[in-house]
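In case you want the letters, here they are:
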Amino acid sequence: MKNKKVCIPMLLAAAMVLAAGAPALGAWNGGHDVLGANEARKTWYFAEGTTRGGFHEYVCILNPGERVALADLTYMLGDGRNIDLRYDLAPGSRTTIDVNTQIPPESDASIRVTASEPVVAERSMYFDYKGAWSGGHDVAGAAGPLTTWYFAEGCTREGFDTYLCLANPAEDDAVVDIEYYCADGQLVERNGVRVGAKSRFTAPVHEDEYGIGRHNDFHGDASIKVRSTNGVGVIAERPMYFNYKPYLTGGHDVVGAAGPEKAWYFAEGSTRDGFDTFLCLGNPGAQKAKVNVYYYCGDGNNEQRRDIEVAPHSRFTIPVHETANGIGRHNNPHGDFSIRVESANGIPVVAERPVYFFYKPFWSGGHDVMGALEPGAAWYFAEGCTRQGYDTYLSIANTENRDASVNITYFCGDGSRVEKKDVAVPRESRSTVAVHDPALGIGRSDDNRGDVSIKVESANGVKVVAERPVYFADRWRTMDRNAVAGAYGWGEVFNGNTRKNTVALTFDMETNGATAARVLDILQSHGVRATCFVTGGYPGQYPSVVTRMAAEGHEIASHGVSHAMFTRISYAQVESELAQTEAAVNALTGFSTKPYFRFPYGDRNAGLINFINSRGYLSVYWSVDPQEWSNNSVAAVQANVLSNSHAGSIILMHDRDKTVAALPGIIDGLRARGLEPVTLTEVLYPGP
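Described below are features of the structure shown in this document. (Residues numbered from 1 in each chain as written. Predicted model: local features only at pLDDT ≥ 70, side-chain atom pairs only at ≥ 80, totals over all residues. Heavy atoms only, no water.)

Looking at the sheet that holds strand β13 (residues 187–195)
Turning to step 1, where the next piece is worked out: Across the sheet, 4 strands lie side by side as β10-β15-β12-β13; this open sheet has antiparallel pairing. Only two strands of the sheet have a single partner each, and these edge strands are β10 (148–151) and β13. The mean inter-strand angle of the sheet, taken between neighbouring strand axes irrespective of direction, is 15°.
Turning to step 2, where the next piece is worked out: For β10 and strand β15 (residues 222–228), the ladder comprises 4 bridges, and the chain directions are antiparallel. Within β15, the position partnered with T148 by the bridge is R227. (Pairing = 2+ DSSP bridges. Helix = DSSP H or I, 4+ residues; strand = E, 2+ residues; numbered from the N terminus. Axes fitted to C-alpha atoms, helices over the stretch in contact; angles between N-to-C directions.)

Pasting the structure below:
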């Protein structure tokens, strides 16, 4: 097929680049991780990428040099078209390209990055796969096409969709054979797969035509080899999307390895509660492999498991959170570890390390990396974010018998640079740097400064391995809500920050779980997060509804238990109602209702407000009350909200049928007026 090329003027392309920062604007829930690159290069390749519905894609590029770099990006679409765009990259800074604004919607595209100066490139994607599995994944690009690629991980069990993405940047078609080495010892081959010139091809591994189909047994656990049979090199990635367990969905992705090796290194790993870490070992060879696995734990008490067998042409999985070949579950620094995999009998293997996690209650996902071949003197990362809703870490492994000292340089999206020198990484251990903390990172920055690329460099000659996991969720999840309440002097609030065009949608959930579920349906379909003030009986009467509130990103606050007039009950009963609701919500969701409480009927006095303040609660009143519980019409409810709302308004609504009828028009009407409905914390937050 003749290649078709589309050229877009350089100025238009530059205008469509977001000056770093769009990733923080989504409402995705999950995490991703990447192994750093050892060097900056002029060329980078990505096989995966899509602008289909529910997917948002970014290319993050670090220019670590002192000169402006010109970057030419070629988007190789699945239909054979190519789109070429050029971008200016400021020196010593990070640039983010919003791919969804660069190529047509509903496009699958591989990417080649060619720069005039050495740069570092990553491609991050955030998604709602199938409209239900929220998450993200991220990879550093490949150096170039190869004729062979290997993957240790792959799964087609129920709840796992695995794909192979193959990019062919050459002028000729590539023909590849795909070999699946299943954990039950069977070999499945799909030969003669054609990848068009300058194009992209996707093989669904969970389907039969190019994959192995769906299997809920060891046959569904597969390592993969991709081999070009006509000498035309390709780039290969393997994204996976999963529903790992209830309320734990997401995806992860890796670029393949060039071949099996005798040693692999991983900087990240955790077996704390909520984290399931696996080590996937693929043996594409004809002889049985034996491997030794060394765990370098954060407390310095290291462990090893020796002579683990991996059958020929097969795959073996180690659950590191179990004790047989792993270290077991540890809720302390021993559960934070790095890994070295070493062949014990000279037979090379391929190694990946997927992690599935509940980072915090109802903040879940997964990530995966291919191991490093050896420790390095320097590691580069193009992506990183410390905006609200993003927690970014550096995991640094030192497998040598000498203490390491590293210098960390942060290249921020606003052009600033932050350096942290002589960061200690003890011998044969693992260290973690919270980039969103100012001690060794850059702190929380809710603007371009929070979009950050990173360089980790040995300061004393001891080489290390570095990964950069990122966890992301709704913005309010990383806001210090007690500090927000403190910014308002505790007491009581009627309005929020009037400098932002946001309003707080708040719901008093008092009587009807079925109606509350319909409210949640509307919020979900409109992409809105709200704050739900629940009575203490709600978690017991409607546990699935309260669980949905947490799972779908809503805040949960307290509305007492009895819905009494609080001026008519004792302080002892007030305290009891606060405690009962807090305990019920926390037991079910892990969330705290603090620091927000709304008095039923708004019935309070200064003494009551002071009392709940002393118990860790801010009194939340309202500025807009459409009284949808009364005999007014749906149209009157909508008109009340839309005519009285302004920046910073706190809107009061309930779990009533009229609320359900009015809510879609209210959300659409607020947005038409330039007001975005968000959670109470986001409206109160005094920052940008």
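Still to come is the rest of the account.
Topic: helix α6 (residues 571–589)
Turning to step 1, where the next piece is worked out: For α6, which comprises 19 residues, the first-to-last C-alpha distance of 27 Å matches the rise-based estimate of 27 Å (1.5 Å per residue) to within 8%.
Turning to step 2, where the next piece is worked out: Listed as buried for α6 are V574, E577, L578, T581, E582, V585 and T589. Buried residues of α6, viewed axially, fall in a sector of 120°; they line one side. Pointing more than 90 degrees away from the buried face of α6 are the exposed residues A572 and A587.
Turning to step 3, where the next piece is worked out: The inward-facing, buried residues of α6 contact β38 (531–534), α4 (538–541), α5 (543–551), β39 (555–558), β40 (596–597) and α7 (606–614).
Turning to step 4, where the next piece is worked out: Phi turns positive, to about 80°, at G590, one or two residues after α6. (Expected span 1.5 Å × (residues − 1). Buried < 20%, exposed > 50% of the residue type's maximum accessible area, 1.4 Å probe, protein only. Arc of directions from axis to C-beta. Contact = heavy atoms within 4.5 Å.)

A closer look at the pattern of salt bridges
Turning to step 1, where the next piece is worked out: In total, this model carries 48 salt bridges according to the counting rule given.
Turning to step 2, where the next piece is worked out: Salt-bridge contacts for E419 lead to K421; the nearest nitrogen and oxygen are separated by 3.6 Å.
Turning to step 3, where the next piece is worked out: We classify E419 as partly exposed; its relative accessible area is 45%.
Turning to step 4, where the next piece is worked out: With relative accessibility at 53%, the residue K421 sits in the exposed group.
Turning to step 5, where the next piece is worked out: The network of salt bridges with shared partners includes D33, R353 and E467. (Salt bridge = Lys/Arg side-chain N within 4 Å of Asp/Glu carboxyl O.)

Some remarks on the layout of surface pockets
Turning to step 1, where the next piece is worked out: Roughly 840 Å³ of internal volume is contained in the largest pocket.
Turning to step 2, where the next piece is worked out: What lines the largest pocket is a set of 35 residues, and nearest its centre among them are L35, G36, G141, G256 and G371.
Turning to step 3, where the next piece is worked out: Looking at the lining of the largest pocket, the element that brings in the most residues is strand β9 (residues 133–140), giving 3 residues.
Turning to step 4, where the next piece is worked out: Looking at side-chain class alone, the lining of the largest pocket contains 20 nonpolar, 7 polar and 8 charged residues. (1 Å grid on protein atoms, 1.4 Å probe; cavity = no way out; pocket = protein on both sides within 12 Å on 5 of 7 lines; lining within 4 Å. Points joined across faces, edges and corners; volume = space filled by probe spheres on them. Nonpolar A, V, L, I, M, F, W, Y, C, P; charged D, E, K, R; others polar.)

Overview of the nonpolar core
Turning to step 1, where the next piece is worked out: I61, L73 and Y75 are the most contacted members of the largest nonpolar core, which totals 88 residues.
Turning to step 2, where the next piece is worked out: In terms of residue count, strand β8 (residues 109–129) provides more of this core than any other element does, 7 residues in total.
Turning to step 3, where the next piece is worked out: Not counting the four nearest positions on each side in its chain, Y75 is found in contact with R81, N82, I83, L85, Y87, I97, V99, Q102, I103, S110 and I111.
Turning to step 4, where the next piece is worked out: Formed by 37 residues, the second largest nonpolar core is a distinct cluster that contains F507, A516, A517 and M549. (Core = buried A, V, L, I, M, F, W, Y, C linked by side-chain atoms within 4.5 Å.)

Describing unusual backbone geometry
Turning to step 1, where the next piece is worked out: Omega for the bond connecting K594 with P595 falls within 30 degrees of zero, at 10°, which places this linkage in the cis form.
Turning to step 2, where the next piece is worked out: Following the sequence through the fold, P595 ends up in the loop between α6 and β40.
Turning to step 3, where the next piece is worked out: One non-glycine residue, E428, lies in positive phi territory at about 45°.
Turning to step 4, where the next piece is worked out: For E428, a relative accessible area of 32% gives the class partly exposed.
Turning to step 5, where the next piece is worked out: Positive phi, close to 55°, is recorded for W490, a residue that is not glycine.
Turning to step 6, where the next piece is worked out: According to the relative accessible area criterion, W490 is partly exposed, its value standing at 23%.

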